[in-house]
Amino acid sequence: MSRERKVAIFGATSAIAEACARAWAAQGASLFLAGRRAGALDAIARDLAVRGAERVATWAGDLADAGRHPELLAALAADLGTPDVALLAWGTLTDQGRAEADPAYAAAELATNFAAPAALLLALAGRVAAPGGVIACVTSVAGDRGRQSNAAYGAAKGGLQRLLEGLRHRLHGRGIAVLDVRPGLVATPMTDHLPRQGPLWSRPEAVARDVLRAVERRRAVLYTP
């Protein structure tokens, strides 16, 4: 990537997003970071500046609150302008048993994992560089097929996959690529409660390398690892 590349990352405190940000910073990109935790964002921004980022701006707020998206998009425009790359990388790992027992919890999880990111994706479609821009979103292999163990989480991620497919068709004529990142088992805080045994586990840094390569190649779907 060139040193002039502008990258917006939503959910920037997630392990995969932070690993991607570090790789882009090393290439001299200008970065806009959005996430819930202001302190963590500030710490990440300082680290990225040391790693070579041209400049770093932050926005702290609840990304799952679609009512705040206009404020978020205004900050993006003021701090970064028109991004060349927009990466969405937030979500929660839904407790399937609790979702079946608690409708309010299930609704909140579906809003966090599908409704809010879907709303932001639709808004970003008209706000990335055209031609040449890339919209990337981290979904999950869980969205590929319904499973009893994670039906609510998988449904949300599957919905995002369909939305990204539709956006890809819509934006192709404008020269904007839409990348669906479908991670498998990645060692992050979200998976701390799972036993990490076997060859299918990967590190966020490895996923980040795959993501940056897929962005450069303007791929449609990336399975990683």
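Calculation notes
Residues numbered from 1 in each chain as written. Predicted model: local features only at pLDDT ≥ 70, side-chain atom pairs only at ≥ 80, totals over all residues. Heavy atoms only, no water. Helix = DSSP H or I, 4+ residues; strand = E, 2+ residues; numbered from the N terminus. Axes fitted to C-alpha atoms, helices over the stretch in contact; angles between N-to-C directions. Parallel < 35°, antiparallel > 145°, perpendicular 65-115°, else oblique. Contact = heavy atoms within 4.5 Å. Nonpolar A, V, L, I, M, F, W, Y, C, P; charged D, E, K, R; others polar. Buried < 20%, exposed > 50% of the residue type's maximum accessible area, 1.4 Å probe, protein only. Polar contact = N/O pair within 3.5 Å; in protein donor to acceptor, adjacent residues only side chain to side chain.

## Digging into unusual backbone geometry
As a rule of thumb, non-glycine residues mostly have phi less than zero, and peptide bonds are mostly trans rather than cis. Note the cis peptide between A130 and P131, where omega equals 0 degrees. With respect to the helices, strands and loops of the structure, P131 is situated in the loop between α5 (103-124) and β5 (134-138). With omega at -5 degrees, the peptide bond leading from T224 into P225 counts as cis. Among the structural elements, P225 can be located in the segment after β9 (221-224).

## Some points on the packing of α5 against helix α6 (residues 151-171)
Two packed helices can be described by the angle between their axes and the distance between those axes. In the contact formed by α5 and α6, the axes pass within 8 Å of each other and the chain directions differ by 10 degrees. Between α5 and α6, the angle falls in the class roughly parallel. Facing α5, whose interface residues are L110, N113, F114, P117, A118, L121 and L122, α6 presents A152, Y153, A156, K157, G159, L160, L163, L164 and L167. Here the residues of the contact of α5 with α6 sort into 13 nonpolar, 2 polar and 1 charged.

## Section: the side chain of T13
As for its placement among the helices and strands, T13 is situated in the loop between β1 (6-10) and α1 (15-26). Looking at T13, the relative accessible area reads 18%, which means it is buried. Polar side-chain contacts of T13 include one of 3.3 Å to the side chain of R37. Those residues in contact with T13 that sit more than four places away from it in its chain are R37, A40, L41 and I44.

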